Amino acid sequence: MSDEQQQPRNTKKILLTGGVVFVVVLLIGLGIYFFMKRGAPTTTTTTGGVFGVAENNANKNTSTNVGEKVPEPDGASATQGEALLFRQLSTIPTTGVITVTQQGKTFVRYVSREKGFVFQVDPQTGETTQLTNTTIPRIHEALWAAGGNAVILRSLAQDAITGADVIKTYLAYLTLPATVGTSTDSAVGSLRGSYLPDNITAISVAPNGNALFYLLPTPDGVSGTIVTVNTKVAKEVLRSTFSEWTPELLNNGSVMLTTKPSAKIPGFSYLYDTNAKTFTKLLREKNGLTTHVAPAGTRLLYSENISANLLLGTYDRKGFAGDEGIISHESGISLATLPEKCAWGKGALVVCGAFTPTQGSGIPDEWYRGEMSFSDSFWLVNTNTSEIKFLADPVEAIKKQFDVTSPALISDGNTMLFIDKNDGTLWAFYLPSDKAQNTDNIDLTGLSPEEIKDVLGSASAPTSTVKKKK
Amino acid sequence: MLAYYRRTLQQIITGVLFLFALAPLSVFAATTVDLTPAKTASFNLISIKTVPSTPGPNEPVTITLKSFSTDLSSSKITWYINKNLTKEGIGETTFITNTGNTGESIDIDVVILTNQGEEIKKHITLAPMEVDVLWEAQTYTPPFYKGKALPSYQSIVKMSAIPRHNATSSNPLAFAYKWTLDRTSGAGEGFGKSSTLVRATWPDSAINVGVEVSVPGTEVVGTKEISISSVDPILNFYQNTPLLGTRFDHTMLGANTPSGQLNLRVVPYFFSTDNLKNNELVYELKIGNATTPIGLNPMNITVPRMSPSGETKTISLHIQNPKHIIQEAAATTQVTFTPQQ
């Protein structure tokens, strides 16, 4: 073979080898790229900043892709190498959160405030599916019943003649395709239901989701009615001349009734027996009193405003054993927060978003009126002992401030769901078990929340604050 | 005939004299009942009093004997609780004990043996009743508001009593009520009258509302008095958006928008609801320097953009209730329209 003949062959060999190498490198590169992309939960991959995207997306309606997988919100994360703490589960304003189990896996259902569509998201991946496309606009609040198969949507309308506000309450059942929630499903379901009476002032669903209780104004005050969710059978169980109640229905049909709070007004909390029609007083004359009862109904969290300091506490109907056999029904917790920022877990454990108020003279009213917002850190509370454990400060972890509302714990107790009041987005907080365990050997008795954070090595963490808007 | 008239006149005079003779006794009997309602077992000149006069459950109670006619200091006095001898001695006119739980009666018997050898028995029952007084101002708060409506000047406040004597009788309609305003009766009374209406006073001032609750035909009495302070009304602006409606979650202190207009809702917290519903409030709205015409709909105020270039507008609002002239509030916010491309 002459050199002239061999040269093109060499060139071909070189080109072929180069091509193969190029393809291999390309494949390896693509493999690494996709591998890294799948492993995104431990890194912040979004261009332009995670929170910029979240804020910019706040007004986008991702539900336009009806029946398809909704683009995953970009999960916020801790820095590279650390465990994931927070994941954003929705980019639109949401309300109403419940967990459902399908084929052994836990999903989260929520409602979009703009159109009343129901979505389902995997809290571990953020993968979201739209479940319904029945439009009920401008939802103010949603409550779940019947294990996540029924939802109560509350919205505001105007009377056609007087122009006055009318509160509408729609009790609906989810009608879903059989394959909904599976990875291949592209069908979408709907809501089928009926309206409860207009102008229901307050409503509560029992923890087991089987019944709801609502308050309706009457000429003399207010009436209270229990509705069985499956049969829609309604029964009036309360007539009260006093109407400013916040109700919480228990599984046994009793209702916890707490007076609506104001920072400088003494509040009361009663257990109302709907059969005997009797009030049993639980908490009395606590300024700014708000409560949140545990699913079992025997214990509740409460907060009171004492000289502009907000204090959390636990009330137990059986009582806590004290020194010399003295039984006390109340036990203080060294956290400044409201019970509605706390989620009951298994047994006596509670996870709370808590703040450090610089001036709390108007709490909770000013927060309800939207005149102030909180920057919450996350805490674990053992209500048996009142011991608290610092879990995370999102300002330190992901440079984001959360104002926690609608908290809920997934049944495994390791994930807390909440809606950020600032923009209505839904988030998952993964409890850092290592931090919680590390506190076991440290005596934190008598320390303030800020001191405990210092002890646990968070001294440099930005102080959680209260932001007054005026 | 004359004798007949004389006899008749004598009978009339005798009858009148008899009535006059009885009258003081009637008055005295009524007075006795009033002064120590159902606490004195029988008429005598030794009084028995408790401090507080209507003790609540699990409260310490001081019981004192007094007399202007009997020398108690030299008498042997024996105290019994539920028939059990608890204390005795010469001149033991004071006894301290605790009431039981709600609905749990305690019988106190006292036997007084004077140095003249006379034995006098007294009895009192401590049947504590607990009374909670709840109130709600008839003032405006927006739908879904989780906080309490607060009273403003001359607004109506509805009072409700929740008495508890025992678990089965805590139905409020089973009790008799006497309401007082600033310790003066006349705020309402009657069997089953568990609620009444009063008017709030000046901002930063308070009214005192009291109630005495009793179980008719028994010795059970409970009282409670509370103080209610008034506040100034509050005005807040909230943004109305087409997709979300009114965003009550956040007051609008200022807004930046590229759109052609901004829609707001004003919420007049704590104005009297009756005057609000009857459209009796007077609104004075200024957008920039322009005062808006009469007929403002506070539920939807439109702030229009005047030019495509950027501009900032100050919106100020003053609301007054002409029925209660001090019931007023003012607020200001700003809207910045960013330049349109």
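Every chain's residues receive numbers from 1 upward, in the order its sequence appears when written. Lettering of chains starts at A and numbering of ligands starts at 1, both following the order in which they are written. In keeping with the model being predicted, local features are shown solely for residues with a pLDDT of at least 70 and side-chain atom pairs are shown and tallied solely at 80 or more, while totals for entire chains, interfaces and linings include all residues.

Focus: the overall build of chain B
In terms of helices and strands, chain B carries 2 helices and 23 strands. Exposure classes come from backbone-placed C-beta atoms, where a residue is buried if 20 or more other C-beta atoms lie within 10 Å of its own, exposed if 12 or fewer do, and partly exposed in between. Split into buried and exposed, the 341 residues of chain B put 31% on the buried side. Runs of E in the DSSP output that reach at least two residues are strands. Runs of H or I that reach at least four are helices, and both are numbered from the N terminus.

Some points on the overall build of chain A
Within chain A, the regular secondary structure consists of 6 helices and 31 strands. Across the 470 residues that make up chain A, the buried fraction comes to 45%. Taking all contacts inside chain A whose residues are at least 6 apart in sequence as the whole, residues at least 24 apart take part in 50%. A residue pair is marked as a contact if its C-beta atoms, positioned from the backbone, fall within 7 Å.

A word on the interface of chain A and chain B
Residue-level contacts link 34 residues of chain A with 29 residues of chain B. Listing elements by their share of the side of chain A that touches chain B, those giving two or more residues are β7 (139–145), β9 (165–175), β18 (278–287) and α3 (365–368) of chain A. At 3 residues, the largest contribution of residues to the side of chain A that touches chain B is made by β18(A). Taken together, the residues of the side of chain A that touches chain B sort by class into 10 nonpolar, 9 polar and 15 charged. As a working rule, the residues Ala, Val, Leu, Ile, Met, Phe, Trp, Tyr, Cys and Pro are called nonpolar, Asp, Glu, Lys and Arg charged, and the rest polar, with Gly in that last group.

Observations regarding the environment of A:S328
When you line up the elements, A:S328 lands in strand β22 (residues 327–333). Residues within four places of A:S328 in sequence aside, it is in contact with A:G319, A:F320 and A:G322.

Details of the nonpolar core
One finds A:V151, A:I152, A:L212, A:L335, A:V351, A:W379 and A:F429 to be the most contacted residues of the largest nonpolar core, which totals 163 residues. In this structure A:I152 touches A:A142, A:L143, A:A145, A:T169, A:L171, A:I203, A:V205 and A:L212, once residues within four positions along its chain are discounted. In this description, a nonpolar core means buried residues of the types Ala, Val, Leu, Ile, Met, Phe, Trp, Tyr and Cys, linked to one another by C-beta atoms lying within 7 Å.

With respect to the confidence of the model for chain B
Residues and elements named next belong to chain B. As a per-residue measure, pLDDT tells how confident the predictor is, with possible values from 0 to 100. Across chain B, pLDDT averages 83, with 84% of residues at or above 70. Between residues 19–43, whose pLDDT stays under 50, and residues either more than four places distant or in other chains, the model counts 10 contacts. Across the assembled chains, the prediction reports ipTM 0.80 with pTM 0.78.

Focus on the confidence of the model for chain A
Any residue range with low pLDDT should be treated as having predicted coordinates unsuitable for detailed reading. Residue and element names in this part refer to chain A. Within chain A, residue pLDDT values average 81, and 72% of them lie at 70 or more. Within the model, the stretch residues 76–81 combines pLDDT values under 50 with 19 contacts to residues more than four positions away or in other chains. Throughout residues 454–465 the model reports pLDDT below 50, and contacts reaching past four residues in sequence, or to other chains, amount to 27 contacts.

Points about the pairing of strand β9 (residues 156–164) of chain B
Residue and element names in this part refer to chain B. Among the 9 residues of β9, 7 are classified as buried, and the element is accordingly described as predominantly covered. Across 8 bridges, the pairing between strand β8 (residues 130–137) and β9 is antiparallel. Directly across from A137, in β9, lies its bridge partner V157. Taken together, the 5 bridges between β9 and strand β12 (residues 195–199) define a ladder with antiparallel strand orientation. The partner of K158 across the bridge, within β12, is L197. When DSSP locates at least two bridges between a pair of strands, those strands are taken to pair.

Concerning unusual backbone geometry
Of the consecutive residues A:I363 and A:P364, the connecting peptide bond is found in the cis state with omega at 10°. On the secondary structure map, A:P364 appears in the loop between β24 (349–354) and α3. A cis amide bond, omega 0°, links B:V51 with the succeeding residue B:P52. If you trace the backbone, B:P52 turns up in the loop between β1 (46–51) and β2 (60–67). The phi dihedral of A:A146 is positive, around 50°, even though this residue is not glycine. Phi is positive for A:A308, close to 70°, though the residue is something other than glycine. Tracing the backbone shows A:A308 in the loop between β20 (299–306) and β21 (309–321).

Observations regarding the domain arrangement of chain B
Residues and elements named next belong to chain B. Segmentation of the chain into domains, including their bounds, is taken from an automatic or database domain assignment. Annotation of chain B at the domain level lists domain 1 (46–126), domain 2 (130–229) and domain 3 (234–337). On a C-alpha basis, the centroid separation for the pair domain 2 and domain 3 is 35 Å. Across the boundary between the two partners, domain 2 contributes 12 residues, which contact 13 residues of domain 3. A per-class count over the side of domain 2 that touches domain 3 returns 6 nonpolar, 6 polar and no charged.

Looking at the sheet that holds β2(B)
All names here are of chain B. In spatial order, the strands read β1-β2-β5; together these 3 strands make up an open sheet with antiparallel pairing. Each edge of the open sheet carries a strand with a single partner, namely β1 and β5 (94–98). Each adjacent strand pair in this sheet contributes to an overall mean axis angle of 20°, direction not counted. Here β1 pairs with β2 via 6 bridges, running antiparallel. Residue pairing in the sheet places I48 in a bridge with L65 of β2. For helices, the fitted line uses only the C-alpha atoms of the stretch in contact; every axis is such a line through C-alpha atoms, and the angle between N-to-C directions lies from 0 to 180 degrees.

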